[in-house]
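Listed below are the residues making up each chain.
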Amino acid sequence: MQLTNEYNYSYWELKQYFRQFDLVVVGGGIVGLSAAISFKQKNKQATVLVLERGILPNGASTKNAGFACFGSAGELLDDLSHIKPEVVWETVKMRWDGLQMLRKRLGDKKIAFKLSGGYELFKDKRVYDEHLDQLDKLNKNVDEVLGLKKCYGPYAGKNQFKKIAGMVLNKYEGDIDTGMMMDSLLALAQKNNIKILNNIGVSEINDLKTRVELTTNAGVFKASKVIVATNGFATQLLKLRDVLPARAQVLITKPIPHLSIKGTYHYEQGYYYFRNIDGRVLLGGGRNLDIETETTTEPRLNNRIQHQLIKLLKEMILPGVAFEIESQWAGIMGVGKEKKPIIRPVSENVLAAVRMGGMGIAIGSWVGEKAAGEIM
């Protein structure tokens, strides 16, 4: 298929965007932008184009809760019960290294990073005690893998939540401002002369060996190499096993006077999560209530889950506190049986960099860097 001028492009536009690029990245989220930036910084003369289907990056990178986390005690202990330990700890190291890369690349001020602590809530006293019994071993593992001392410990401060038996603190976790992160990544990409086109939906990728052709709603783009970084949307373009879309439901309240919640919070092995953003509570999760329905790329609200989120606010997080919901939305993650990301060739000139397992902020920069190295 050859490009025609049915879209009424000018000569300048045709020359700018329909030549053959050295690299085209499909997906303008944290992984895609990180891959493009890493590739360009290693290949100063290379021509790099990022294609994003939304007006703004429209995947999990802009719809997440802004957690700078790498694994609560409950999540890691659960993972270790059914995933090979070496895979679990390799993935944890990727997350930690990715967070450090993100902070170094953009600077803490430009992402509003705060080392606020990550808290895991337990409603069952027996389960809480069982987790406490395993913290010494878990801390030893974290020290060996990441070099972090006494990462997890029981939180001895005030428990302001209802129906909670105890909390475990990860003192090395924090939070960021997702919007600031994306603004900073976009600015850095533009500074490196990376071209970004929005509202471009890719429908087909055809590797012709000498070049790759990407069929889009705006014409056919050509590239020497392609990285697909669409995470939960990856199977719409590529035949990949063990990567599925996972919809996440989120809501945020209107400002609440004197809101005392600080840090990031996980509940029920990370299936629920919440934090304070500008005096509002952002709460997400509940996918475990309706896994089948939430295995989709449709960014719609699930009323059953949204009602459960509101119930948690009323009964556990903000008992006796009046609040109003300001906004509700859904984001699409990429998950699989393992939480380790997929970074592998799908053809001679096309590489997949997907399956962030709900940890895109933490692992995205590492995956982008790795993908850029692999595609070269």
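In the block above lies the structure referred to throughout.
Rules used throughout
- Residues numbered from 1 in each chain as written.
- Predicted model: local features only at pLDDT ≥ 70, side-chain atom pairs only at ≥ 80, totals over all residues.
- Heavy atoms only, no water.
- 1 Å grid on protein atoms, 1.4 Å probe; cavity = no way out; pocket = protein on both sides within 12 Å on 5 of 7 lines; lining within 4 Å.
- Points joined across faces, edges and corners; volume = space filled by probe spheres on them.
- Helix = DSSP H or I, 4+ residues; strand = E, 2+ residues; numbered from the N terminus.
- Nonpolar A, V, L, I, M, F, W, Y, C, P; charged D, E, K, R; others polar.
- Buried < 20%, exposed > 50% of the residue type's maximum accessible area, 1.4 Å probe, protein only.
- Core = buried A, V, L, I, M, F, W, Y, C linked by side-chain atoms within 4.5 Å.
- Contact = heavy atoms within 4.5 Å.
- Axes fitted to C-alpha atoms, helices over the stretch in contact; angles between N-to-C directions.
- Parallel < 35°, antiparallel > 145°, perpendicular 65-115°, else oblique.
- Salt bridge = Lys/Arg side-chain N within 4 Å of Asp/Glu carboxyl O.
- Left-handed = near helix turned anticlockwise from the far one by under 90°.
- Phe/Tyr/Trp six-rings, centres within 6.5 Å; stacked < 30°, edge-to-face > 60°.
- Pairing = 2+ DSSP bridges.

S.K.: What is the right way to look at empty space enclosed by the protein in this model?
M.R.: The gaps left among the atoms become clear once a water-sized probe is rolled over them. Counted under the stated rule, the structure contains two cavities of 30 Å³ or more. The element that contributes the greatest number of residues to the lining of the largest cavity is helix H5 (residues 85–106), accounting for five residues. For the lining of the largest cavity, a count of residues per class yields five nonpolar, one polar and four charged. Of the volumes computed, that of the second largest cavity is approximately 40 Å³. Looking at the second largest cavity, the residues that line it are Ser-72, Ala-73, Gly-118, Tyr-119, Glu-120, Tyr-152, Val-168, Asn-170, Glu-173 and His-266. If you list the elements that add at least two residues to the lining of the second largest cavity, you get strand S4 (118–122) and strand S6 (166–170). Broken down by class, the residue content of the lining of the second largest cavity amounts to four nonpolar, four polar and two charged.

S.K.: For this particular structure, what's the right way to read unusual backbone geometry?
M.R.: Most peptide bonds take the trans form, and the phi angle of most residues other than glycine is negative. Of note in this structure, Lys-150 is not a glycine but carries a positive phi near 45 degrees. For Lys-150, the position within the fold is in the loop between helix H8 (135–146) and strand S5 (152–154). We classify Lys-150 as exposed; its relative accessible area is 68%. Look at Asp-278: it is not a glycine, yet its phi comes out positive at around 55 degrees.

S.K.: So what exactly am I meant to see when it comes to the nonpolar core here?
M.R.: One finds Phe-70, Tyr-152, Met-181, Leu-185 and Ile-227 to be the most contacted residues of the largest nonpolar core, which totals 60 residues. For this core, the element with the highest residue contribution is H5, accounting for nine residues. For Tyr-152, the residues in contact, after removing those within four places along its chain, are Phe-70, Gly-71, Ser-72, Ala-73, Leu-76, Leu-135, Leu-138, Asn-139, Val-142, Val-168, Leu-169 and Asn-170. Core analysis: the next-biggest nonpolar cluster, separate from the first, contains 27 residues, Phe-18, Val-26, Ile-200 and Phe-221 among them.

S.K.: What is the right way to look at the packing of H5 against helix H12 (residues 360–375) in this model?
M.R.: The geometry of a pair of packed helices is captured by two quantities: the angle between their axes and the separation between those axes. Interhelical geometry of H5 versus H12 gives an angle of 85 degrees and a closest axis separation of 6 Å. One finds that H5 runs roughly perpendicular with respect to H12. Contacts from Thr-91, Met-94, Arg-95, Asp-97, Gly-98, Leu-99, Met-101, Leu-102 and Arg-105 in H5 reach Ile-361, Ala-362, Ile-363, Ser-365, Trp-366 and Glu-369 in H12. Grouping the constituent residues of the contact of H5 with H12 by class yields eight nonpolar, three polar and four charged.

S.K.: What is the right way to look at the pattern of salt bridges in this model?
M.R.: It is possible for side chains bearing opposite charge to pair when their charged atoms get close. Under the defined criterion, the tally for this structure stands at 22 salt bridges. A salt bridge links Lys-340 to Glu-90; its shortest N-O distance comes to 3.1 Å. Separated by 250 residues along the polypeptide, Lys-340 in the loop between strand S16 (325–335) and strand S17 (342–345) and Glu-90 in helix H5 bring together distant segments of the chain. For Lys-340, a relative accessible area of 24% puts it in the partly exposed group. Residue classification places Glu-90 among the partly exposed positions, given a relative accessible area of 35%. Where Asp-175 meets Arg-275, a salt bridge forms, and the shortest distance between an N and an O atom there is 3.1 Å.

S.K.: Please clarify how the layout of surface pockets should be interpreted in this entry.
M.R.: Computed from the structure, the second largest pocket encloses a volume of approximately 430 Å³. In terms of lining, the second largest pocket is formed by 19 residues, of which the most central are Asp-177, Thr-178, Gly-179, Ile-277 and Leu-282. Only helix H3 (60–63), helix H9 (178–191), strand S14 (272–277) and strand S15 (280–285) provide two or more residues apiece to the lining of the second largest pocket. Looking at which element gives the most residues to the lining of the second largest pocket, the answer is S14, with three residues. For the lining of the second largest pocket, the per-class residue count stands at six nonpolar, six polar and seven charged.

S.K.: How do you make sense of the packing of helix H2 (residues 30–42) against H9 when you look at a structure like this?
M.R.: For the pair H2 and H9, the least separation of the axes is 10 Å and the interaxial angle reads 25 degrees. Considering their axes alone, H2 and H9 lie roughly parallel with respect to each other. H9 is crossed by H2, and the crossing has left-handed handedness. In contact with Ile-30, Leu-33, Ser-34 and Ile-37 of H2, H9 contributes Met-181, Met-182, Leu-185, Leu-186, Leu-188 and Ala-189. Here the contact of H2 with H9 is composed, by residue class, of nine nonpolar, one polar and no charged.

S.K.: Looking at this structure, I do not really get the packing of aromatic side chains. What am I missing?
M.R.: Aromatic ring pairs are defined here through the distance separating the ring centres and the angle between the ring planes. All told, the structure shown has ten aromatic pairs when counted by the stated rule. A ring pair is formed by Phe-67 and Tyr-273, whose centres lie 5.9 Å apart and whose planes are at 80 degrees; its orientation type is edge-to-face. Placement of the pair is Phe-67 in strand S3 (residues 67–68) and Tyr-273 in strand S14, with a sequence separation of 206 residues. Taken together, the ring pairs in this structure connect Tyr-119, Tyr-155, Phe-161, Tyr-265 and Phe-274 into an aromatic cluster.

S.K.: Just checking my understanding: could you explain the sheet that holds S14 for this structure?
M.R.: The pairing of strands in a sheet happens through backbone hydrogen bonds and is either parallel or antiparallel. Ordered in space as S5-S6-S4-S13-S14-S15-S12-S16, the eight strands form an open sheet in which the pairing is mixed. Strand pairing shows two members of the sheet lacking a second neighbour, S5 and S16, which therefore form its edges. Averaged over all pairs of adjacent strands, the angle between their axes in this sheet comes to 25 degrees, without regard to strand direction. As paired elements, S5 and S6 share three bridges and run antiparallel to each other.

S.K.: So what exactly am I meant to see when it comes to the pairing of S17 here?
M.R.: It is a general feature of regular strands that their side chains alternate between the two faces of the sheet. Where S17 and strand S18 (residues 350–354) come together, four bridges link them in antiparallel fashion. Counterpart to Ile-343 in the pairing with S18 is Ala-353. The turn linking S17 back onto S18 is made up of four residues.

Keep in mind these numbers describe shape, not what the thing actually does.
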